[in-house]
Amino acid sequence: MADAALEIDDREAAARARLSGDWTLVGLTRTDGVCADFRAREARLRDLTQRGAHWDLRAIDRLDSVGAVLLWRTWGRAWPAALEVSEAHRRVLEHAAQLPEPVTGRAPREPFPVTLTLGRLGLRALSNLTGLIALIGQMVLDFAWLCAHPRDIPWREFSANLYKSGAQALPVTALVGFLIGVVLSYLTSLQLKAFGADVFIVNLLGISIVRELGPVLVAVLVAGRSGSAMTAQIGVMRVTEEIDALATMGISRTLRLVLPKVAALAIALPLLVIWCSSAGILGGMVAANLQMDLAYGFFIDTLPRAVPVANLWIGLGKGFVFGILIALVACHFGLKVRPNTESLSAKTTTSVVTSITVVILVDAVFAILTRNVGMPG
Amino acid sequence: MSAPSTPPAIEIRGLWTRYGETVIHRDIDLAVPVGEMLGLVGGSGSGKTTLLREIVGLLAPSQGTVRVFGHAVLDPDASVRRMVRRRFSMLFQQGALFSALSVYDNVAFPLRELRVFDEAMIRDLVLLKLAMVELEPRHGRLMPAELSGGMIKRVALARALAMEPELLVLDEPTAGLDPDRSENFVKLIRTLQKELGFTVVMVTHDLDTLVGLATRIAVLADQRIVACGTPAEVVAVDHPFIRNFFCSERAANALQKGKA
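Along each chain, numbering runs from 1 in the same order as the chain's sequence is written. A letter from A marks each chain and a number from 1 marks each ligand, given out in the order of writing. With the structure being a predicted model, the display of local features is reserved for residues of pLDDT at least 70 and the display and counting of side-chain atom pairs for 80 or more, all residues being used for whole-chain, interface and lining totals. Heavy atoms throughout the structure, all of them, feed into the side-chain values; hydrogens and water do not.

Draft legend 1. Structural context of the overall build of chain A. Secondary structure elements follow DSSP: runs of H or I no shorter than four residues count as helices, runs of E no shorter than two count as strands, and numbering proceeds from the N terminus. A count of helices and strands for chain A gives 13 helices and four strands. All radius of gyration figures rest on C-alpha atoms, and the globule criterion is 2.2 Å times the number of residues raised to 0.38. In terms of overall size, chain A is more extended than a compact globule, its C-alpha atoms giving a radius of gyration of 35 Å where 377 residues would be expected to give roughly 21 Å. Taken along its principal axes, the extent of the C-alpha atoms in chain A is 110 × 60 × 45 Å. Here chain A, with 377 residues, has 42% of them falling under the buried criterion. With an accessible surface of roughly 19,900 Å², chain A has 66% of that area assigned to carbon and sulfur atoms. In summary, the charge assignment counts Lys and Arg as positive and Asp and Glu as negative, without counting His or the chain termini. The location of each charge is read from NZ of Lys, CZ of Arg, CG of Asp or CD of Glu. Considering chain A, the positive charge centre built from 35 side chains and the negative charge centre built from 30 side chains are found 8 Å apart. Any residue under 20% of the maximum accessible area for its type is buried, any over 50% is exposed, and the rest in between are partly exposed; the area is computed with a 1.4 Å probe on protein chains only. The method behind every accessible area is Shrake-Rupley, applied with a 1.4 Å probe, and residues are considered shielded solely by the protein chains displayed.

Draft legend 2. Looking closely at the sheet that holds strand S3 (residues 37–42) of chain B. All names here are of chain B. Across the sheet, six strands lie side by side as S6-S7-S8-S3-S9-S10; this open sheet has mixed pairing. The sheet terminates laterally at strand S6 (88–91) and strand S10 (224–229), the two strands that pair on one side only. Taken over all neighbouring pairs, the strand axes of this sheet differ in orientation by 15° on average, direction set aside. The sheet contact formed by S3 and strand S9 (residues 216–221) spans five bridges and is parallel. Counterpart to Leu38 in the pairing with S9 is Arg216. We call two residues in contact when some of their heavy atoms are within 4.5 Å. Whenever a helix is involved, its axis is fitted only over the stretch in contact; in every case the axis is a line through C-alpha atoms, and angles between N-to-C directions fall within 0 to 180 degrees. Contacting S6 and strand S7 (167–171), helix H5 (residues 149–162) crosses the sheet at an angle of about 170° to S6. Strand pairing is assigned whenever DSSP detects at least two bridges linking the two strands.

Draft legend 3. Looking closely at the confidence of the model for chain B. Residue and element names in this part refer to chain B. The predicted model of chain B has a mean per-residue pLDDT of 83, with 93% of residues at 70 or higher. Per-residue confidence from the predictor is reported as pLDDT, which spans 0 to 100. Mean pLDDT across the secondary structure elements of chain B bottoms out at helix H10 (residues 249–259), with 63, and peaks at strand S8 (residues 199–203), with 89. The ipTM for the predicted assembly is 0.75, set against a pTM of 0.72.

Draft legend 4. Molecular detail of the environment of B:Val186. All names here are of chain B. Tracing the sequence through the fold places Val186 in helix H6 (residues 179–196). In this structure Val186 comes out as buried when scored by relative accessible area, which is 8%. Between the C-alpha atoms of Val186 and Thr209, which are 23 residues apart in sequence, the distance is 6.3 Å. What Val186 contacts, discounting residues up to four positions off in sequence, is Thr174, Thr209, Gly212 and Leu213.

Draft legend 5. Structural detail: the domain arrangement of chain A. Boundary definitions for the domains trace back to an automatic or database domain assignment. Each domain of chain A was delimited in the assignment, giving domain 1 (5–97) and domain 2 (124–369). In this structure, domain 1 of chain A and domain 2 of chain A have C-alpha centres spaced 67 Å apart.

Draft legend 6. Seen up close, a nonpolar patch on the surface. Residues and elements named next belong to chain A. Taken together, the side chains of Leu123, Leu126, Leu129 and Ile133 define a hydrophobic patch exposed on the protein surface, amounting to about 420 Å² of accessible area. Mapped onto the elements, Leu123 comes out in helix H5 (residues 113–148). Of the residues examined, Leu123 reaches a relative accessible area of 59% and is grouped as exposed. Like-charged residues are merged into a patch within 9 Å and nonpolar side chains (Val, Leu, Ile, Met, Phe, Trp, Tyr) within 5 Å, provided each residue has over 30% relative accessible area and no salt bridge. We count a salt bridge whenever a side-chain nitrogen from Lys or Arg sits within 4 Å of a carboxyl oxygen from Asp or Glu.

Draft legend 7. Representation of the confidence of the model for chain A. In this model, chain A carries a mean pLDDT of 87, and residues with pLDDT of at least 70 account for 93%. Looking across chain A, the model is least confident in strand S1 (residues 5–9) of chain A, with a mean pLDDT of 69, and most confident in helix H12 (residues 310–335) of chain A, with 94.

Draft legend 8. The arrangement of the nonpolar core in detail. Counting residues in each nonpolar core, the largest one holds 84 residues, and the members touching the most others are A:Leu19, A:Trp23, A:Trp55, A:Leu57, A:Leu71, B:Phe117 and B:Leu157. Residue contacts for A:Leu57: discarding those within four places in its chain leaves A:Leu19, A:Leu71, A:Trp75, A:Leu83, A:Glu84, A:Val85, A:His89 and A:Leu93. In plain words, nonpolar cores are sets of buried Ala, Val, Leu, Ile, Met, Phe, Trp, Tyr and Cys residues tied together by side-chain atoms within 4.5 Å. Among the nonpolar cores identified, the runner-up in size contains 35 residues, and A:Leu135, A:Leu259, A:Phe322 and A:Phe333 belong to it.

Draft legend 9. Structural context of the side chain of B:Ser89. For B:Ser89, the location among the structural elements is in strand S6. In this structure, B:Ser89 is in contact with B:Ala160, B:Met163, B:Pro165, B:Leu167, B:Leu168 and B:Val169, ignoring residues within four places of it in sequence.

Draft legend 10. Representation of the packing of H5(A) against H12(A) within the structure. Residues and elements named next belong to chain A. Interhelical geometry of H5 versus H12 gives an angle of 110° and a closest axis separation of 10 Å. In terms of orientation, H5 lies roughly perpendicular with respect to H12. Note that H5 runs across H12; the crossing there is right-handed. Packed against H5, whose contacting residues are Asn128, Gly131, Leu132, Leu135, Ile136 and Met139, the element H12 presents Leu328, Val329, Cys331, His332, Phe333 and Leu335 at the interface. The cut-offs work like this: below 35 degrees is roughly parallel, past 145 is roughly antiparallel, 65 to 115 is roughly perpendicular, and the gaps in between are oblique. Crossings are classed by handedness, with left-handed meaning an anticlockwise turn of the near helix from the far one by less than a right angle and right-handed meaning a clockwise turn.

Draft legend 11. View of the interface of chain A and chain B. Across the contact, 27 residues belong to chain A and 23 residues belong to chain B. Both faces considered, chain A and chain B share a buried interface measuring about 2,300 Å² in area, 63% of it formed by carbon and sulfur atoms. By buried area we mean the combined loss of accessible area, with a 1.4 Å probe, across both parts when two parts are placed together. For chain A, the biggest contributors to the area lost against chain B are A:Leu25, A:Ser65 and A:Arg73; these three give 22% of the whole. Put simply, A:Arg73 and B:Asp118 hold a salt bridge, and the shortest N to O gap is 3.9 Å. Between N or O atoms, a polar contact is any pair within 3.5 Å; within protein, one atom must be a potential hydrogen donor and the other a potential acceptor, and residues adjacent in sequence are included only when both atoms are from side chains. For the interface between chain A and chain B, the tally reads six residue pairs in polar contact (both at pLDDT 80 or more). Only helix H1 (25–29), helix H2 (34–50), helix H3 (65–74), helix H4 (87–97) and helix H13 (341–369) of chain A provide two or more residues apiece to the side of chain A that touches chain B. Here the side of chain A that touches chain B gets five residues from one element, more than from any other, and that element is H3(A).

Draft legend 12. How the structure looks around helix H3 (residues 103–113) of chain B. Residues and elements named next belong to chain B. Of the positions making up H3, those classed as buried are Val103, Tyr104, Asn106, Val107, Ala108, Pro110 and Leu111. Residues of H3 that are buried make contact with helix H4 (119–132) and H5. One or two residues past the end of H3 sits Arg115, with phi positive at roughly 55°.

Below, the structure written as structure tokens:
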């Protein structure tokens, strides 16, 4: 294959441009540093057009639409006065000649961009809120239906979800809980030692882990682990039309997909909270023993007196509510995925961010509502 | 068109494909001269699509070589590989459009990747390609999810043609289209081939498509190519698969229509 070649004959008053070789994508862009080369050639062709050159295209071997569009553009979107070209190549050029003129001018800008953006944001938040409420309503209806028709309870989906988001999360929640317990114990023991209040480490660790850190840590971990997986799974089922397939079989998507996930997390999360809190207290106990020589027996003996059992119930209650919220948010955004990859990734991100934010908001509400409960008297 | 010195568009020599103990292809030789339209047929699971993927370099054969325009598609030199890959395009069965990009951006994508053209030039080229596959400029704003099956094929074809390929590889070009649309699509490819002169290799199940497009047919059965030649030559070969595939009543009708 030959490169695109251009010979210019300047001897006469009107220049003669003789084109030969391959005026194709490959022929025009083969040389290295192609970009500058291509632009330079374009400029030279434009210059020739302005001088009213005589165009001789008969020596061109191959002409494809890149070559044709290049010539047509440099001719200023009009046939030159003097042109010699073979019949086949003229047809290629005619295709380029039928191109619509470029539209000039940009789309008009919207007035008050800040107001519009804020308004859109607010409306979107509102539609997400109503969507979530509708989903909760649907859940309640499905639950009532299942109470009346216990044969339809999706046990298999429920147990699969329980295993995936509960049992498989055990190692990571234990590890994180243990390490947080160690860190917390080390840092507070330094302070407590200064005041000679070593024994209060049990109260501090017990209350903070059982009541606050355990549930929030587990919720954040599960939102990142299972929440994202749920959104992605339902989202891909949307993309591949599996959800539509379910609908045509007369199977409720909320009953079969959403409800088992919500129920599984509502059961799994409180259990994980107990598991993670135990690991945290164990970590704290080990660290306190190493740092302050606090005996294990003393720690275990003091714990029930320092931490009233109400705290455990608060922790479990939080776990239950967080589990339901995480699953609902994940399923809500999963069902909102539009059938393209961009939307899938955006909705998965939004799902995780929203569920973690919601968990922390609800945790604050819990803290205010239960401020008089469970404190050692 | 093909002088003796120019290498064939595709040249397969001594190709074997094995998955563990299973042999898919046993010592296959195949050459496709420039400008030809070859149809590859065979029963389900005979390894047609595997062979196609080996031709475009998505899969490496267990043994043997595949050369496209005289260069190995899996050449160890990356610059040779890139150069070869720029000379052919593949049309995937489901279109394989980028779902996050609009129709316009899908067609513009390979052109932008070259980093040679400015946006105005790309715009002209994209509109030209869309016009070639009989789509209008306003269709450029649509997203792949909003397209019908026939339109997805057209956009995928426009994207494949954007790189001005000398070889077009088609995987089931008319699968999933109704007979009317599939006939239009076959006509479209035939017109474009006449105009642009590219070589075509395709895998198809559909006899109408095969007869409408292929100038030569290769039959893949029993792990090897049992027949390769013009449609008339292939039909004359005595092999159980060929008898089954071509000699039914439906096939006779399609062949008759192809001749007319």
